[in-house]
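# Structural description and commentary
Residues per chain are reported as follows:
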Protein chains: 2
Amino acid sequence: MKILRTIDEVRRWRGSLAQGTTVAFVPTMGFFHQGHLALMEKGRKLCDRLVVSIFVNPIQFGPTEDLDRYPRDEERDCELAEQVGVDMLFLPRADAMYGENFQTSISVDRLSTGFCGACRPGHFSGVATVVAKLFNIISPTTAVFGSKDFQQLAVVRQMVRDLDFPVAVIGHDIVREDDGLAMSSRNVYLDEQARKDALFLYQSICRARQMAAGTKEMPCALITRDIAERAARHPRVELEYAAIVHAGTLLPQETVDSRSVLLLACRVGPVRLIDNGFLREAHDQTSM
Amino acid sequence: MKILRTIDEVRRWRGSLAQGTTVAFVPTMGFFHQGHLALMEKGRKLCDRLVVSIFVNPIQFGPTEDLDRYPRDEERDCELAEQVGVDMLFLPRADAMYGENFQTSISVDRLSTGFCGACRPGHFSGVATVVAKLFNIISPTTAVFGSKDFQQLAVVRQMVRDLDFPVAVIGHDIVREDDGLAMSSRNVYLDEQARKDALFLYQSICRARQMAAGTKEMPCALITRDIAERAARHPRVELEYAAIVHAGTLLPQETVDSRSVLLLACRVGPVRLIDNGFLREAHDQTSM
């Protein structure tokens, strides 16, 4: 496995591949868990070469967010990447990605406004901008993203479509712990109590699926009200949003259908967690 | 010469070129004049293949601007492109470039705020966005832009640098009529009187160069005040801005130096015209 740290090295590596070589790319912020490794395995299966980047992207963090304490473990990440069959691991430095005079941003307007975009102003613009940079540096043919950050995946898909990036975007289903908690690098922030309380998210998704299964025309408001009431009664869970939206447009829905996704964000103690799930049937994220 | 109208056709054409083929790209809004042809000749000399696009980009026009009456002559443009040795001419349809759900934009913040950006809100975002799309569709190795739109060239260079597009941006000196008027597709709007009055721009640049040549530490304010006073006395010229800035940053300067560029915009009758020029020595735009 090649470990490269400069943009020039990456371009040279990419330029040395034979014409027609397919390249899968998994952009990450490191501190790998099974979710990351599943994305890499997917990428390795899809393409001739597999590239992973680790970059804790400063411009997608707000001033009060956890940029400085975001968990990092470069050595372990390198070992895991090697084991999973990564061909090239890109570890750029922040000052090489954002020079002094940096001033360009990409916005995906409608998809970025609600949900996490409302709570985290500038977040999705920071994500879209760094993804565009990484695409231009690496020139992948395919990029694999997790679907825990459901809105992020929608924003990236829309940017790729609108700006005509020649990259196929593949979404991958959420990887969960045995008890259902969605895997996240930020789970390391959870203490013992918070780790139990965090199950509120997955339990809400399962309960919503049960409610939706029982009725043909299930009003979305009944489900989200149920979640809000359960959160209000919970002493340590603060609900940020619970919304049922169309998977493609992220527009709110009246009644549950096969495109309905429940989006959830809440604070469990001091830790902000998100989760989501389709409410009817199993869905392959790749066909979204 | 290939004439292609869909993104898929362009990708197939580009994909059929041998690995390592260099591709020069000249994005235009058509209605070619000697300025466009000079950019194409430059591109042809620099690279193995030459691609030109003609697209009157709706998102860079304001609601009160001249999108609908912007001059067009596709047949003549095709003949001229063929004569100059264009390999592929891309003529996209507006609805293929901007679908119903289009919502992504690129902003280059500081460089877009003053001058034409102040008079034409959204203009440079529209330019940056379409240039990014065209780069992603065509994958050129080099792109050639005229320097009459000096601020546009600065914005494109900054976007390419900030988003790591693997494209070399080349600026080309302004091509002028015999009497000094900068060539522009919009010159066709000028009637006989306005055509004479339009020389105000080039005469202002020549006069500024003379003023700068006479003094070692020439205050920029003396030159711009002189231009403003001459415009005020002119019955048919309305000055929009006259500014002396650093060529790279577009920041205002106190005194003239080798990086000083005079930027000019004015209305001559109903027609808006822009022009610019370095105030000391000849400058090759490519080294900017």
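Quantities reported herein were computed from a predicted structural model and do not represent experimental measurements.

This part covers the overall build of chain A. In terms of regular secondary structure, chain A is built from eleven helices and ten strands. Since a compact globule built from 288 residues should have a radius of gyration of about 19 Å, the 19 Å found for chain A is in line with a globular shape. Along the first, second and third principal axes, the C-alpha set of chain A runs to 55 × 40 × 35 Å. Scored against the burial criterion, the 288 residues of chain A give a buried share of 42%.

For the rest of this paragraph, the subject is the relation of the copies chain A and chain B. Between the two copies, chain A and chain B, the superposition gives an RMSD of 0.0 Å; the rotation angle is 180 degrees and the shift along the axis is 0.0 Å. On the angle and the small slide along the axis, the relation comes out as a two-fold axis. When C-alpha positions in chain A are compared against the rotation axis, the closest is assigned to I106(A), at 2.2 Å. A symmetric contact is evident, with 100% of the interface residues of chain A recurring at the interface of chain B.

This paragraph deals with the domain arrangement of chain A. All names here are of chain A. Under the domain assignment used here, chain A contains domain 1 (2–172) and domain 2 (185–287). For domain 1 and domain 2, the distance between their C-alpha centres works out to 26 Å. Between domain 1 and domain 2, the contact holds 17 residues from the first and 14 residues from the second. Of all the secondary structure elements, the ones that give two or more residues to the side of domain 1 that touches domain 2 are helix 6 (116–119), helix 8 (150–162) and strand 7 (168–172).

Residue and element names in this part refer to chain A. Spatially, three strands are ordered 8-9-10 in an open sheet, and the strand pairing comes out antiparallel. Each edge of the sheet is formed by a strand with only one pairing partner; in this case those strands are strand 8 (237–246) and strand 10 (271–278). The mean inter-strand angle of the sheet, taken between neighbouring strand axes irrespective of direction, is 15 degrees. Examined bridge by bridge, strand 9 (residues 260–268) and strand 10 share eight bridges and lie antiparallel to one another. Bridge pairing in strand 10 places L262 opposite G277.

On to the pairing of strand 10 (residues 271–278) of chain B, then. Strand 10 of chain B sits mainly inside the fold: six of its eight residues count as buried. Between the antiparallel neighbours strand 9 (residues 260–268) of chain B and strand 10 of chain B lie two residues, among them G269(B) with a positive phi of about 60 degrees.

Listed as interface residues are 24 residues of chain A and, on the opposing side, 24 residues of chain B. Residue assignment for the side of chain A that touches chain B shows that the elements contributing at least two residues are helix 1 (7–15), strand 5 (104–108), helix 5 (109–113), helix 7 (123–138) and helix 8 of chain A. Ranked by residues supplied to the side of chain A that touches chain B, first place goes to strand 5 of chain A with five residues. Of the residues belonging to the side of chain A that touches chain B, the class tally is eleven nonpolar, seven polar and six charged. Looking at chain direction, strand 5 of chain A and strand 5 (residues 104–108) of chain B are connected through five bridges and run antiparallel. Bridge pairing in strand 5 of chain B places I106(A) opposite I106(B).

Turning our attention to the packing of helix 10 (residues 199–214) of chain A against helix 11 (residues 220–233) of chain A. Residues and elements named next belong to chain A. Their axes nearest at 10 Å, the elements helix 10 and helix 11 cross at an angle of 145 degrees. Helix-helix and strand crossings are classified by hand; for helix 10 and helix 11 the assignment is right-handed. Residues S204, A208, M211 and A212 of helix 10 form the contact with helix 11, whose own contacting residues are L222, I223, D226 and I227. For the contact of helix 10 with helix 11, a count of residues per class yields six nonpolar, one polar and one charged.

Residue and element names in this part refer to chain B. Across the five residues that make up strand 7 (residues 168–172), a large majority, four, are buried. Here five bridges tie strand 6 (residues 142–146) to strand 7, and the two strands are oriented parallel to one another. Paired with T142 across the strands is A168, a residue of strand 7. The handedness of the strand 6 to strand 7 crossover, carried by helix 8 (residues 150–162), is right-handed.

In terms of nonpolar packing, the biggest core is built from 152 residues, with A128(A) and A128(B) touching the most fellow members. Among all residues touching A128(A), those that are not within four sequence positions of it are I106(A), V108(A), V155(A), V156(A) and M159(A).

Residue and element names in this part refer to chain A. In space, the six strands of this open sheet follow the order 1-4-3-2-6-7, with parallel pairing throughout. One side of each edge strand has no neighbouring strand; the edge strands of this open sheet are strand 1 (2–4) and strand 7. Strand-to-strand twist across the sheet, computed as the mean angle between neighbouring axes with direction ignored, equals 25 degrees. As paired elements, strand 3 (residues 49–54) and strand 4 (residues 88–90) share three bridges and run parallel to each other. Each bridged residue has a counterpart across the sheet, and for S53 the counterpart in strand 4 is F90. On top of the sheet, helix 1 reaches strand 1 and strand 4; it is set at about 140 degrees to strand 1, its chief contact.

Turning to unusual backbone geometry, a few remarks are in order. At F115(A), a position not held by glycine, the phi torsion is positive, near 55 degrees. Along the chain, the position of F115(A) falls in the loop between helix 5 and helix 6. F115(A) sits in the buried class, given 23 other C-beta atoms within 10 Å. With phi around 60 degrees, L250(B) is a residue other than glycine that occupies positive phi space. Turning to its location among the elements, L250(B) is positioned in the loop between strand 8 (237–246) and strand 9.

Parameters and conventions
- Residues numbered from 1 in each chain as written.
- Chains lettered and ligands numbered in written order.
- Predicted model: local features only at pLDDT ≥ 70, side-chain atom pairs only at ≥ 80, totals over all residues.
- Helix = DSSP H or I, 4+ residues; strand = E, 2+ residues; numbered from the N terminus.
- Rg over C-alpha atoms; globule rule 2.2 N^0.38 Å.
- Buried ≥ 20, exposed ≤ 12 C-beta atoms within 10 Å, placed from the backbone.
- Least-squares fit on C-alpha atoms with pLDDT ≥ 70 in both.
- Contact = placed C-beta atoms within 7 Å.
- Domains from an automatic or database assignment.
- Pairing = 2+ DSSP bridges.
- Axes fitted to C-alpha atoms, helices over the stretch in contact; angles between N-to-C directions.
- Nonpolar A, V, L, I, M, F, W, Y, C, P; charged D, E, K, R; others polar.
- Left-handed = near helix turned anticlockwise from the far one by under 90°.
- Right-handed = clockwise from strand over helix to strand, strands pointing away.
- Core = buried A, V, L, I, M, F, W, Y, C linked by C-beta atoms within 7 Å.

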